[in-house]
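# Structural characterization, general
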Amino acid sequence: MKARTIVVIPAHNEAETIETVISDIKKEIKTADILVINDCSTDRTEARIRCVKGCTYINNVHNMGYAMSVQTGIKYAKENNYDYVIQMDADGQHLSSEAKKCLDAAIEKNADIVLGSRFKKNTGYKSPFFRRAGTSLFESLIRIFCHKTIKDPLTGLQVLNRRVIEYYSESGAYPEYPDAGLIIEMLMKKYKIIEVPVKMKQRKNGTSMHDGFFSPVGYMIKQLYSCVIIFIKFVGRRYE
Amino acid sequence: MNNLPFIVIAIIIIIYIISSIRREKLSVSVSFAWVLFCIAMLVLACFPYSLDWVASLLGISYPPALLLTICVSALFIMSFIQDKKIDELEQKLTNTTEELNILRAKKNGKK
C-alpha cells in the first residue's frame, strides 16, 4: 500500500511565493496532498491559494504564529489518517525536489523524523551570523545532551511519520519554536532522527522571524533555556 | 548566615517550577520569568553586599529602598503584562466563539 503523504505549509504574508511553491510541489511530489495554513495574512495570500486547484487550506481564526500553525497541520494529518507529513516553508526557500528526497529517505530508512540539513554537506548555503552561531550552539547542546550530531537543528524542512504525527498532535506542550528543544525531546524519547543533505534557496522576499538583532538574541536565550529545561524534564525518564 | 531562609525558599521555588514542568502543568516559556526571578533572589541572598554596591552606583543612600523599588516595579510590570495577556485572550476567545457559532449555523442550515 502506498504511503499517504500531506505537505503542510504555514503561510503568513507570502502572496508572492505561495503559488510557485504549491505548483512546484505538485510537479515533484505527485502523490502528496497539500495543506496551506494561512495564518491571518494581511496581503493577498488567501486569494492566491484559492486560485490553485486541488489544494486544501485553513484560515486561522487569529494569528497563532508559526509553531501553532504547524501543529494545526499535524492535527489535520492525524484526523485524516496520513502516514507522512512534510513540513515546508511558504517563502520558496525549501525546494520540493529536496523535500521529495527527505520523504524517500524517511520511507527507505524507516526514520521517525527526517531533517533537511543545509550543513551536512557543503551546499554553499550562506546564512547570517546569528543563524550560524545559533546553529553551532544548538548542535553542541544536542551532542552534549543526547550524544548525537545534528548538523542543522534549526531547519524548517522536516518529514514526520505516523508515530511522530500522533505524538505532536497530542502534545499539550508543543513549543513556540519547534526546533532544537523539540529535537532533544524526541531524541531522549528514542525516536529515530536522521538528516538528509539538501540544497536551499536564499530568501528573496518577506521577513524571517529571526531578522534583526533583538529577535534572534531573545530567541537564543529562550531556546537555550528551554533546551536545558527539556533535558531536565526528560533526563530521569530516558530509559522508561 | 541570616540569609539562609531566602536561599532555601528560592531553591524550593525552582524545584517546584521544574517539577511542574515535568508533570506538564506549566509550559517552558511561562516558567522563564519565574526562574529568572528565583535566580536573582539566590544571587542577592548569597551576596547581600551586591545590593549596597548597586545602590551606591545609582546614588541611593539607603540600599533596602532600592530592593523595594525593584520588587514593586517588577510586580507592577508583571501585573501589567498579565492584564494585557488576559485582554488578548478574551479577544481571541470571542473571535473563536463567533467563528464556531457561524460554523454551527451553516451546519444547521444544511440539515
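Residues numbered from 1 in each chain as written. Chains lettered and ligands numbered in written order. Predicted model: local features only at pLDDT ≥ 70, side-chain atom pairs only at ≥ 80, totals over all residues. Heavy atoms only, no water.

### Re the overall build of chain A
Under the convention used in this document: Helix numbering and strand numbering both begin at the N terminus, where a helix is a DSSP run of H or I of at least 4 residues and a strand a DSSP run of E of at least 2. The globule rule is 2.2 Å times the number of residues to the power 0.38, and the radius of gyration it is compared with is taken over C-alpha atoms. Any residue under 20% of the maximum accessible area for its type is buried, any over 50% is exposed, and the rest in between are partly exposed; the area is computed with a 1.4 Å probe on protein chains only. We call two residues in contact when some of their heavy atoms are within 4.5 Å. Charge assignment in this entry is limited to Lys and Arg as positive and Asp and Glu as negative, and neither His nor the chain termini are counted. Taken as the charge location is NZ of Lys, CZ of Arg, CG of Asp or CD of Glu.
A count of helical and extended segments in chain A gives eight helices and seven strands. Taken against the 2.2 N^0.38 rule, which gives 18 Å for 240 residues, the C-alpha radius of gyration of chain A at 17 Å falls within 12% of a compact globule. A principal-axis box enclosing the C-alpha atoms of chain A has dimensions of 50 × 45 × 35 Å. Taken over 240 residues, chain A has a buried fraction of 52%. In chain A, 77% of the contacts between residues at least 6 apart in sequence involve partners at least 24 apart. In chain A, 36 side chains carry a positive charge and 27 a negative one; their mean positions are 4 Å apart.

### Here's the deal with the side chain of A:Thr135
Residue and element names in this part refer to chain A. Locating threonine 135 in the fold gives a position in helix 5 (residues 129-146). We classify threonine 135 as buried; its relative accessible area is 6%. With sequence-adjacent residues up to four places away left out, threonine 135 is seen in contact with Phe119, Lys151, Asp152, Pro153 and Leu154.

### Here's the deal with the interface of chain A and chain B
Convention followed: The quantity reported as buried area is the accessible area (1.4 Å probe) lost by two parts once they are put together, taken as the sum for both. Any carboxyl oxygen of Asp or Glu that lies within 4 Å of a side-chain nitrogen of Lys or Arg is treated as forming a salt bridge with it. Polar contact is the term for a pair of N or O atoms within 3.5 Å; when the atoms are in protein, one must be able to donate a hydrogen and the other to accept it, and sequence-neighboring residues count only if both atoms are side-chain atoms. Each residue receives one of three labels: charged for Asp, Glu, Lys and Arg, nonpolar for Ala, Val, Leu, Ile, Met, Phe, Trp, Tyr, Cys and Pro, and polar for the others, Gly being one of them.
Listed per partner, the contact involves twelve residues of chain A and 14 residues of chain B. When chain A packs against chain B, the two sides together hide about 1300 Å² of surface, and 68% of this comes from carbon and sulfur. In terms of surface lost to chain B, no three residues of chain A exceed A:Val61, A:Tyr225 and A:Lys233, which account for 41% of the buried area on that side. Applying the counting rule to chain A against chain B returns one salt bridge. Residues B:Glu24 and A:Lys233 are paired through a salt bridge, measuring 3.1 Å at the closest nitrogen-oxygen approach. Between chain A and chain B we count five residue pairs in polar contact (both at pLDDT 80 or more) in total. The residue inventory of the side of chain A that touches chain B, partitioned by class, reads five nonpolar, four polar and three charged.

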